[in-house]
Amino acid sequence: MSTTPVTVTVTGAAGQIGYALLFRIASGQLLGADVPVKLNLLEIPQGMKAAEGTAMELDDCAFPLLAGIDIHDDAAAAFDGVNVGLLVGARPRGAGMERGDLLAANGGIFGPQGAAINAGAADDVRILVVGNPANTNALIASAHAPDVPAERFNAMMRLDHNRALAQLAAKTGSSVAEVKRVAIWGNHSAKQYPDIAHATIAGRPAPEVVGDSAWVTDTFIPTVAKRGAAIIEARGASSAASAANAAIEHVHDWVNGTPEGDWTSVAMPSDGSYGVPEGLISSFPAVSRDGRWEIVQGLDIAADARAGIDVSVAELAEERDAVKEFGLL
Ligand SMILES: NC(=O)C1=CN([C@@H]2O[C@H](COP(=O)(O)OP(=O)(O)OC[C@H]3O[C@@H](n4cnc5c(N)ncnc54)[C@H](O)[C@@H]3O)[C@@H](O)[C@H]2O)C=CC1
Ligand SMILES: O=C([O-])CC(=O)C(=O)O
């Protein structure tokens, strides 16, 4: 077992995703069963008491890997020395709030958090933004952290990716483990583009195994893209355990690598691949090698996929332009 604990900062620690996330991190599922972790919890003042309660429960688990817990309502302290930052806390959309209001309110959170990361993070810092609108919040945080390589800021698409795996497995009577190379492109929103064109199921092309292109267009894509809303409708609250699970898997693969022969979906700064304007934090199929994401190159993009990707990327560009107007970039 290595001895130096990895510092993991979780924002929104007292929220529902935080509650589903922290115990898994402390048990070793984020980084590995031999990696001790130190947890920094960041909350707003109103969330501090509940965060303290969660910390008491973490203590009561007596996790051998948990090297300490600190609770903060100050971003500079919470991100001091951070190696892995999970930015979950965000301002939810309130009644009568327009999308622009939401972007501005969250800019007020992710700008200062980016600046705190810039000031205090460890050299190897990796940041995963979960709080919505995740892609644009990641862009804002990164813009406020000029000394941190932009590639260290990701937004979470792993939940969308996992939703796509589950839908495809259910449709074809396969196990999830047999489904490989699904891709989600673009924004974590209802305009994302879930893509099975390059996927395989038990080694066979997924479109052939599904054998029903109307199902892909009319059922699969909207089901995956609108799954967040369907969960809210069913549960009366947004996805929490599945979101926490996705965050764990994203960071685990980023640090430890993706399995040979498969890829995942990651929103990261575009390098211009697949015609996505450079700098937008957009989702691509990606593999992790030596602790870095690489966009899977050379995939043929058919006309329907091109159109779907373009719609999602246009939404990201609109969000970027809106936050630029608010002076957040
Ligand atoms: N990217 C994705 O796939 C998904 C993203 N989400 C998003 O994750 C976010 C969190 O969801 P939940 O945990 O369910 O929400 P929640 O409302 O249960 O918890 C959010 C927590 O963040 C805290 N918070 C607010 N502003 C903060 C700040 N400036 N610093 C630190 N903490 C702050 C709140 O006090 C609250 O405890 C939401 O924006 C949600 O839309 C949820 C599911 C999936
Ligand atoms: O839709 C929401 O508010 C939560 C979310 O991002 C998801 O479940 O994908």
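Since the structure is predicted, the reported quantities are computational estimates derived from the model, not experimental observations.

**Quick word on the sheet that holds strand S10 (residues 200–201)**
Argument step 1. Overall, antiparallel pairing links the 3 strands, which are arranged S7-S10-S11 in an open sheet. The open sheet terminates on both sides in strands that have one partner only, identified here as strand S7 (179–180) and strand S11 (204–205).

**Describing helix H1 (residues 16–26)**
Argument step 1. Where H1 is concerned, the buried positions are Ile17, Gly18, Leu21, Leu22, Phe23, Ile25 and Ala26.
Argument step 2. Structurally, H1 contributes buried residues whose contacts are with strand S1 (6–11), strand S2 (37–42), helix H2 (48–61), strand S3 (66–72), strand S4 (84–87) and helix H10 (241–256).
Argument step 3. Immediately downstream of H1, the backbone of Gly28 shows phi near 105°, a positive value.

**A closer look at the pairing of strand S12 (residues 264–269)**
Argument step 1. Summarising burial for S12: 6 of the 6 residues are buried, a large majority.
Argument step 2. Relative to strand S13 (residues 281–289), S12 runs antiparallel, the two sharing 6 bridges. Each residue of the ladder has a partner; that of Thr264, found in S13, is Ala286.

**Remarks on the confidence of the model for the protein chain**
Argument step 1. For the protein chain, the mean per-residue pLDDT works out to 96, and 99% of the residues sit at or above 70.
Argument step 2. Across the assembled chains, the prediction reports ipTM 0.99 with pTM 0.98.

**Describing the site of ligand 2**
Argument step 1. Around ligand 2, a shell composed of Asn132, Arg163, His188, Gly228, Ile232, Ser238 and Ser239 is seen.
Argument step 2. Interatomic distance of 2.8 Å between a side-chain N/O atom of Asn132 and an oxygen atom of ligand 2.
Argument step 3. The separation between an oxygen atom of ligand 2 and a polar side-chain atom of Arg163 is 2.8 Å.
Argument step 4. Coverage of ligand 2 by the protein chains reaches 71% of its 270 Å² of free accessible surface.

**Some remarks on the nonpolar core**
Argument step 1. In this structure, Phe79, Ile117, Leu168, Trp185, Ile196 and Phe220 are the most contacted members of the largest nonpolar core, which totals 67 residues.
Argument step 2. No other element matches the 6 residues that helix H11 (residues 303–325) contributes to this core.
Argument step 3. Formed by 35 residues, the second largest nonpolar core is a distinct cluster that contains Phe23, Leu31, Ile69 and Ala243.

**Quick notes on the pairing of S1**
Argument step 1. The element S1 is extensively covered by neighbouring structure, given that 6 of its 6 residues are classed as buried.
Argument step 2. A crossover links S1 with its parallel partner S2, the connecting element being H1, and its sense is right-handed.
Argument step 3. Here 4 bridges tie S1 to S4, and the two strands are oriented parallel to one another. For Thr9, the partnering residue across the bridge sits in S4 and is Gly85.

**Side note on the packing of helix H5 (residues 134–143) against H11**
Argument step 1. Running from amino to carboxyl end, H5 crosses H11 at an angle of 45°, the nearest separation of the two axes being 10 Å. Classified by the angle their axes make, H5 and H11 are oblique. Taken as a pair, H5 and H11 cross one another with a handedness that is right-handed. Residue-level contacts link Asn135, Thr136, Leu139 and Ile140 of H5 to Leu316, Glu319, Arg320 and Val323 of H11.
Argument step 2. Of the residues in the contact of H5 with H11, the class split is 4 nonpolar, 2 polar and 2 charged.

**Some remarks on the site of ligand 1**
Argument step 1. Of all residues adjacent to ligand 1, which total 22 residues, the nearest are Gln16, Ile17, Glu43, Val130 and Asn132.
Argument step 2. Gly12 has a polar backbone atom sitting 3.3 Å from a nitrogen atom of ligand 1.
Argument step 3. Gln113 places a side-chain nitrogen or oxygen 3.5 Å from a nitrogen atom of ligand 1.
Argument step 4. Here ligand 1 has 860 Å² of accessible area as a free molecule, and 81% of this is covered by the chains.
Argument step 5. Along the lines of polarity and charge, the residues of the shell around ligand 1 split into 11 nonpolar, 10 polar and 1 charged.
Argument step 6. Counting only domains with at least three residues in the shell around ligand 1, you end up with domain 1 (6–155) and domain 2 (158–319).

**A word on the pattern of salt bridges**
Argument step 1. Overall, the coordinates contain 10 salt bridges when judged by the stated rule.
Argument step 2. With a closest N to O distance of 3.7 Å, Arg289 and Glu260 form a salt bridge. Of this pair, Arg289 sits in strand S13 while Glu260 sits in the loop between H10 and S12, and the two are 29 residues apart along the sequence.
Argument step 3. Judged by relative accessible area, which is 26%, Arg289 ranks as partly exposed.
Argument step 4. Linked through salt bridges whose partners overlap, the residues forming this network are Arg158, Glu249 and Asp253.

Analysis parameters
- Residues numbered from 1 in each chain as written.
- Chains lettered and ligands numbered in written order.
- Predicted model: local features only at pLDDT ≥ 70, side-chain atom pairs only at ≥ 80, totals over all residues.
- Heavy atoms only, no water.
- Pairing = 2+ DSSP bridges.
- Helix = DSSP H or I, 4+ residues; strand = E, 2+ residues; numbered from the N terminus.
- Buried < 20%, exposed > 50% of the residue type's maximum accessible area, 1.4 Å probe, protein only.
- Contact = heavy atoms within 4.5 Å.
- pLDDT = per-residue confidence, 0-100.
- Near = heavy atom within 4 Å.
- Polar contact = N/O pair within 3.5 Å; in protein donor to acceptor, adjacent residues only side chain to side chain.
- Areas by Shrake-Rupley, 256 points an atom, 1.4 Å probe, with all protein chains shown as cover.
- Core = buried A, V, L, I, M, F, W, Y, C linked by side-chain atoms within 4.5 Å.
- Right-handed = clockwise from strand over helix to strand, strands pointing away.
- Axes fitted to C-alpha atoms, helices over the stretch in contact; angles between N-to-C directions.
- Parallel < 35°, antiparallel > 145°, perpendicular 65-115°, else oblique.
- Left-handed = near helix turned anticlockwise from the far one by under 90°.
- Nonpolar A, V, L, I, M, F, W, Y, C, P; charged D, E, K, R; others polar.
- Domains from an automatic or database assignment.
- Salt bridge = Lys/Arg side-chain N within 4 Å of Asp/Glu carboxyl O.

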